[in-house]
Amino acid sequence: MYWVYFLITTVQFAYCKVLFSPTTATTVVDWWQNAIIYEIFPLSFKDSNGDGSGDFKGITEKLDYIVDLGVTAIWITPFFESPLKSGGYDISNYLKVQEVFGTLDDFKDLLNAAHSKNLKVIMDFVPNHTSDKHIWFEKSANNETDYADYYIWKDAKNQEEVLNNNTIPIVPNNWLRICGDESAWTWHTTRKQFYFNQFIQNLPDLNFRNKKVHEEMKNILNYWITLGIDGIRIDALKHVYESENLEDEPILDSSIVGNNYTNLDHIYTTDQEEIYDLIQDWRLLLDDFKQNDHFTRIIMTESYSNNSVLFKYYTSGVDVPTNFNLVRYSSYTPKDFARNIEEWITKMPVGATFNSVLQNHDHKRFSILYGSKLIDGMNAFSLFLPGIAIVLYGGEIGMEDIPDKVNFARSPMQWDDTKDAGFTNTTHEPWIMVHPNYVTRNVKTESNNPKSYLNFFKTISKLRQTETLKRGGLAIDILNETVFVLNRFLPGHENYTLVINMDRNFTQHVRLSDHISNLNENLTVVVGSGDSNFNTGNLISTTESLVLNPGDTIVLTDYITSTLSSISTEETVTKSTSSSSTRLYITLRVVLLCLLLIKICNL
């Protein structure tokens, strides 16, 4: 019966492409399946002790702010002991915290405070490599028996000549680093062998073909899960294994001269089959804890791999194989977004949960890619999609990149308009520059502006508490090539329509009734972007031309209430009039009853 109601409801979107069907009311939604996961780069979030670097106590201090955003989980990038040459991803001890961030007790306090506010904490787990300052690497470089094979060591092609005649060593093959297009092999003068490093020289790759390394990593995970973390985000998972045969990787275009990482087909250094067994192993470890307390610890992954690979992550035990298809170094069009959403959402394994990320610490913020006019639009887009939304700290206030080659998206959080944006309150300079626009673009200023990026974000995040955004279907359409329309619908509940004019230069005119059938004649504005003329509670005629200035973003609903801006989500549900899908739902019941009576009469 439910599916009959669903088919009737989707008549509303006859001209839209339905990509995702609603789930039934009996479907259990685990804590992570509709989560907003808020990425925190701890060096840059909040400095509590005045040393110019963010810390655990600073995060703890701002947990109420995070909760008020509608966030349900925080993902903290690496906080382990580290030389901090590579943003904390260069770990020198997995079982100690970086002293810049505080003590282990400070982290425990953060963890307990977060849990008291029903916030989950996800730990960034870096298994592919360590710092070259890790004691494992130092012992391995000295060829100590127990650690000799913790890393990937290979002789030079001309090893005998090197040892006998001091000849320049020749690398084992053509494998290249991801960063810098240089050989991925670095000669170690003490051990007199090459060690493999896929990223940069100070990050030697661990050897996962060594069972001792497996056990080390399981012990590390066991330690932090026992401490109370709620999940792991596995960094650089696609790079964890390499082929043992050391063959040269195929060159894609022989006309390109010199080393070029993108010109190699990385069939020997990425996405090896053993990765799936590794995932299963770690899944079992996390599930052992669930056997005792019935609580799910999630696995997120970072792998810029093809969908076919990431879908196998799902079936191997990953809950959130991060979907990077919507993150790019240049701006996308609505058609690009729609294609990538469809490619994932319609082909992911049955029972899998969709996820999306539009910006993170490794990519340009979308305020730079799409411009300030589309900050509200991109935030709404991120939060409006089904499943898990992964967002970057500061995105909610429209933070922009700073002119730094590596840390462009990692500048200090802009809390207020005082010196250093309220990130630190001392004469010490922040560890990296604060963006100069903090004077007007900061949490305090935006909190007091009803039309700010921050308040727009909070309104959209609040919608994720509704049944429609928790369990509803997704239909999309593109109008005039630049107007992106996303509909979230659920039988018996209110519908929500997101309209974004992604044209940053020209005003667009659209009539919604020409594209979406069976809409109410009037829809109510839930929220409009800051620069738009759409205000909460206004009525929009679907039969008249809707004028969308560049970047205008609007969320509409078929629940009509004059007090939408001042009542809670729950009150909206109880005080609003019936939605069009609800009326169709009731109508269908009457039709089915009539058909049943006719059938009985004909018997």
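Residues numbered from 1 in each chain as written. Predicted model: local features only at pLDDT ≥ 70, side-chain atom pairs only at ≥ 80, totals over all residues. Heavy atoms only, no water.

Per an unreviewed UniProt entry, the protein goes by the name alpha-glucosidase and belongs to Melanaphis sacchari. Recorded in UniProt for the protein, the comment headed Catalytic activity (unreviewed entry) runs: "Hydrolysis of terminal, non-reducing (1->4)-linked alpha-D-glucose residues with release of alpha-D-glucose." (UniProt positions renumbered as here; feature names shortened; annotations may be inferred.)

A.B. asks: Please clarify how empty space enclosed by the protein should be interpreted in this entry.
C.D. replies: In total, this model carries three cavities of 30 Å³ or more according to the counting rule given. The calculated volume of the largest cavity comes to roughly 70 Å³. For the largest cavity, the full set of lining residues is Leu-358, Gln-359, Phe-366, Asn-379, Ser-382, Ile-390, Val-391, Leu-392, Gly-395, Glu-396 and Phe-457. Contributions of two or more residues to the lining of the largest cavity are made by helix H12 (375–384) and strand E14 (388–392). (1 Å grid on protein atoms, 1.4 Å probe; cavity = no way out; pocket = protein on both sides within 12 Å on 5 of 7 lines; lining within 4 Å. Points joined across faces, edges and corners; volume = space filled by probe spheres on them. Helix = DSSP H or I, 4+ residues; strand = E, 2+ residues; numbered from the N terminus.)

A.B. asks: What am I meant to see in the nonpolar core here?
C.D. replies: Side chains of a nonpolar character, in soluble globular proteins, are inclined to be buried together. Ranked by internal contacts, the top residues of the largest apolar core, which has 135 residues, are Tyr-38 and Phe-381. When residues of this core are assigned to their parent elements, the largest contribution, eight residues, is made by helix H8 (residues 274–293). The next biggest cluster of nonpolar side chains, apart from the first, holds 16 residues, and it includes Val-510, Leu-523, Val-525 and Leu-548. (Core = buried A, V, L, I, M, F, W, Y, C linked by side-chain atoms within 4.5 Å. Buried < 20%, exposed > 50% of the residue type's maximum accessible area, 1.4 Å probe, protein only.)

A.B. asks: Could you clarify how one ought to interpret the pattern of salt bridges in this entry?
C.D. replies: If the charged atoms of two oppositely charged side chains come close together, the side chains can form a pair. Inspection of the entire model under this criterion finds 22 salt bridges. The partner of Glu-302 in a salt bridge is Arg-233, with the nearest N and O atoms 3.6 Å apart. Within this pair, whereas Glu-302 is found in the loop between strand E11 (298–301) and helix H9 (307–316), its partner Arg-233 is found in strand E10 (residues 231–234), the two being separated by 69 residues in sequence. Of the two residues examined, Glu-302 and Arg-233, each falls in the buried class. A salt bridge links Arg-283 to Asp-287; its shortest N-O distance comes to 3.3 Å. You can see Arg-283 and its partner Asp-287 sitting in helix H8, four residues apart, about one turn around the helix. Beyond isolated ion pairs, a larger network of salt bridges with shared partners links Asp-124, Arg-233, Asp-235 and Glu-302. (Salt bridge = Lys/Arg side-chain N within 4 Å of Asp/Glu carboxyl O.)

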